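In case you want the letters, here they are:
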Amino acid sequence: MPAASTPFRALALSVIASLTVTGCQALDDAGRAIGRADLVNDLAARLDQALELTYSADYQLPAGRTASIVQAQDPARSAYTWPGGKLTVTVEVTAQCETDRARAVCTLLAPPAPNAKPAVALFAEAKRRGLATPPVVVGLLTEAALDPQAVITQSDTTLAGHHATCVDVRRSAGDFSACVTNEGALGSFTGELDGSPVELALTRWSEQIDGASFELPPGAGVVDRRSANP
């Protein structure tokens, strides 16, 4: 499982557990609570299962920009790439790279501790640049499912040739929509992250990966801060 996957799996499972309890306790609105729990359970389970897969996924962003997510097993590793940046997480190191300059610069940090929750800061730049990562989407689904005022509707679509289940969420904290493919890949997302509009859609899914996806950009400068982040 990718280094960032263990905490994501724990988060997904905690969503399932908390929603199951909520559905049992909300006697006045049992049908709605159980329906919401079932829907989020299904999407969380798909995303969780996909964490054990080897795959690469490409995404279309507005204005012709692109992003990608790649992960592999044995050894476990994952890479997120967006316009101007890249995040690589392995069992040895977490590398945060800025690529929108003449020479890319990568900061090396200690890898996530086993079973620890992912640091929100790891995905902050990705969100700012328009890439909604699976952990971020799971967090949004969790908040929406636990919001008794949220209105969640389901639909189905096809993205990059793959069937996907979609949810449209209307809530006071901010509307969003997300799709998850049968394989468990994030198929699409539209909404706001940290106050900025984000929109992406899956354009390619493959079980084949390029090992170079997990390498630092060629010629990148390196700032090693692993000793400061045990």
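See the structure above.
Notes on the structure in this doc start here. (Residues numbered from 1 in each chain as written. Predicted model: local features only at pLDDT ≥ 70, side-chain atom pairs only at ≥ 80, totals over all residues. Heavy atoms only, no water.)

Taken as a whole, this structure holds eight salt bridges when the rule is applied. Two residues, Lys-127 and Asp-194, come together in a salt bridge whose shortest N-O distance is 3.2 Å. Of this pair, Lys-127 sits in helix 3 (residues 120–128) while Asp-194 sits in the loop between strand 10 (186–193) and strand 11 (196–206), and the two are 67 residues apart along the sequence. Between Asp-224 and Arg-226 there is a salt bridge, and its shortest N-O distance comes to 2.7 Å. (Salt bridge = Lys/Arg side-chain N within 4 Å of Asp/Glu carboxyl O. Helix = DSSP H or I, 4+ residues; strand = E, 2+ residues; numbered from the N terminus.)

Structurally, Thr-88 is set in strand 4 (residues 85–90). Look past the residues within four positions of Thr-88 in its chain and what remains in contact with it is Ser-78, Ala-79, Val-93, Thr-94, Ala-95, Ser-213 and Phe-214. (Contact = heavy atoms within 4.5 Å.)

What follows deals with the sheet that holds strand 5 (residues 94–98). Within the open sheet, the twelve strands sit side by side as 7-8-9-10-11-1-2-3-4-5-6-12. Their pairing is mixed. Each edge of the open sheet is held by one strand with a lone partner, namely strand 7 (151–159) and strand 12 (221–224). Strand after strand, the sheet turns through a mean of 15 degrees between neighbouring axes, direction not considered. As defined by bridge partners, strand 1 (residues 55–60) adjoins strand 11 across five bridges and the pair is classed as antiparallel. Counted as the bridge partner of Asp-58 is Arg-204 from strand 11. With respect to the sheet, helix 4 (residues 134–145) is in contact with strand 2 (66–72), strand 3 (77–82), strand 7, strand 8 (162–170), strand 9 (176–181) and strand 10, its orientation differing from that of strand 10 by roughly 65 degrees. (Pairing = 2+ DSSP bridges. Axes fitted to C-alpha atoms, helices over the stretch in contact; angles between N-to-C directions.)

Another aspect to go through is the environment of Leu-47. Assignment of secondary structure puts Leu-47 in helix 2 (residues 30–50). Exposure remark for Leu-47: the relative accessible area of 3% places this residue in the buried category. For the pair Leu-47 and Val-180, spaced 133 residues apart in sequence, the C-alpha separation works out to 7.5 Å. (Buried < 20%, exposed > 50% of the residue type's maximum accessible area, 1.4 Å probe, protein only.)

In this section: the state of the cysteines. Enumeration over the complete set of coordinates arrives at two disulfides. Paired through a disulfide, Cys-97 and Cys-106 show a sulfur-sulfur distance of 2.1 Å. Across the S-S bond linking Cys-97 and Cys-106, the dihedral sits near 110 degrees, which makes this disulfide right-handed. For the pair Cys-97 and Cys-106, one class covers both residues: buried. Disulfide pairing is shown between Cys-166 and Cys-179; the S-S distance is 2.0 Å. Judged by the torsion about the S-S bond (105 degrees), the Cys-166/Cys-179 disulfide is right-handed. (Disulfide = S-S within 2.5 Å.)

A few words now on the pairing of strand 7. Here nine bridges tie strand 7 to strand 8, and the two strands are oriented antiparallel to one another. Bridging from a neighbouring strand, Ser-155 pairs with Cys-166 of strand 8. The antiparallel hairpin formed by strand 7 and strand 8 contains two residues in its connecting segment, where Ala-160 sits at a positive phi of about 50 degrees.

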